[in-house]
Amino acid sequence: MNTQLIALLKANMGVPLTWDLAADIYVAAGRIETLVNPSNIEQIRPVIYEDTVFARERMEDIVHEMKLLHQAHWNETEAHRHGLALNPDYDMFYRYERAGRYVLFTLRNDGRLQGNCALYLDKSTHTQTLIATEDTLYLLPEARKRGAARQFVEYCENALKSLGVKEINVSVKTVNKAGRFFRMLGYRHVENGLSKILED
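The following paragraphs examine the structure supplied in this document. (Residues numbered from 1 in each chain as written. Predicted model: local features only at pLDDT ≥ 70, side-chain atom pairs only at ≥ 80, totals over all residues. Heavy atoms only, no water.)

**Things to note about unusual backbone geometry**
With a phi angle near 55°, Glu50 is a residue other than glycine that sits in the positive phi range. With respect to the secondary-structure elements, Glu50 resides in the loop between strand E1 (47-49) and strand E2 (52-57). One non-glycine residue, Asp110, adopts positive backbone phi at about 55°. Mapped onto the fold, Asp110 is located in the loop between strand E3 (102-109) and strand E4 (112-123). (Helix = DSSP H or I, 4+ residues; strand = E, 2+ residues; numbered from the N terminus.)

**Focus on the pattern of salt bridges**
In total, this model carries 10 salt bridges according to the counting rule given. Ionic pairing is found between Glu65 and Arg108, a salt bridge with its closest N-O pair at 2.8 Å. Placement of Glu65 in helix H4 (residues 59-77) and of Arg108 in strand E3 is noted, with a sequence separation of 43 residues between them. Among the residues examined, Glu65 registers a relative accessible area of 30% and is labelled partly exposed. Here Arg108 falls in the buried class, since its relative accessible area comes to 14%. For the salt bridge of Arg112 with Glu142, the shortest nitrogen-to-oxygen distance reads 3.0 Å. Residue Arg112 is found in strand E4, and its partner Glu142 is found in the loop between strand E5 (130-139) and helix H6 (148-162); the two are separated by 30 residues along the sequence. Each of Arg58, Glu60, Asp61 and Arg98 takes part in salt bridges that share partners, so that together they form one network. (Salt bridge = Lys/Arg side-chain N within 4 Å of Asp/Glu carboxyl O. Buried < 20%, exposed > 50% of the residue type's maximum accessible area, 1.4 Å probe, protein only.)

**A closer look at the packing of aromatic side chains**
Under the criterion given, the structure shown has 10 aromatic pairs. Plain terms: the ring middles of Tyr49 and Phe54 are 6.1 Å apart, the flat faces sit at 15° to each other, and that makes the pair stacked. Ring centres 5.1 Å apart and planes at 75° place the aromatic pair Phe182 and Tyr187 in the edge-to-face group. For Phe182, a relative accessible area of 7% puts it in the buried group. Relative accessible area serves as the criterion here: at 16%, Tyr187 is assigned to the buried category. A connected cluster of aromatic rings, assembled from ring pairs, spans Tyr49, Phe54, Phe105, Phe152 and Tyr155. (Phe/Tyr/Trp six-rings, centres within 6.5 Å; stacked < 30°, edge-to-face > 60°.)

**Thoughts on the nonpolar core**
Grouped together as the largest cluster of nonpolar side chains are 23 residues, with contacts concentrated most on Phe105, Leu121, Phe152 and Leu160. The set of elements that each furnish at least two residues to this core consists of E3, E4, E5 and H6. By residue number, the principal contributor to this core is H6, which donates 6 residues. Apart from residues lying up to four places away in sequence, Leu160 is in contact with Val103, Phe105, Leu119, Leu121, Ala132, Val165 and Ile168. Residues Ile62, Met66, Tyr102 and Leu104 belong to the second largest nonpolar core, which totals 14 residues. (Core = buried A, V, L, I, M, F, W, Y, C linked by side-chain atoms within 4.5 Å. Contact = heavy atoms within 4.5 Å.)

**Let's talk about the packing of helix H1 (residues 3-11) against helix H2 (residues 19-29)**
Running from N to C, H1 and H2 point in directions that differ by 155°, and their axes come no closer than 8 Å. One finds that H1 runs roughly antiparallel with respect to H2. Every pair of crossing elements has a handedness; the one defined by H1 and H2 is left-handed. Facing Gln4, Leu5, Leu8 and Leu9 of H1, the residues of H2 in contact are Leu21, Asp24, Ile25, Ala28 and Ala29. Within the contact of H1 with H2, the residues separate by chemical class into 7 nonpolar, 1 polar and 1 charged. (Axes fitted to C-alpha atoms, helices over the stretch in contact; angles between N-to-C directions. Parallel < 35°, antiparallel > 145°, perpendicular 65-115°, else oblique. Left-handed = near helix turned anticlockwise from the far one by under 90°. Nonpolar A, V, L, I, M, F, W, Y, C, P; charged D, E, K, R; others polar.)

Written as structure tokens, this is what we have:
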């Protein structure tokens, strides 16, 4: 529920609609209710693993780098969707991020972005606890070495735990060995997902 919009409308019942009020309503209507306080997310600190840095970063700050990583991820794992255009809504990512409903973790080597794990945060309607659902988890081939992937996932888990997350859901593609990797980290195979692209 958008409580800010409701409060704004209640406060201005019967008041003539001015340009300023219309602008305020427009901004409030696009606002997503905050779930996790963004200041809590900002407290997540980087960790160094050998020559690699794991960190929480903002999509808004590194979008140009993320576009390249998203393209590499799409090319490698999303062949089943290659009839569709890759066209992420980055403005929506920003809005979710500002509302404490999206968190982005990065893996860098010598300052170069080489991997990311992005998750949506939500409250489970079944348990009323925080749940994190993986949007993307991708490391460039050169970053998949010396246990960095395992350490990166552990970093993400610890950060999510610090936010109060109780459950993490990830999806894995059949084109790689990610399923086996996650099972080694204690994740359980609890469902099978199917996908179909609807033709025109």
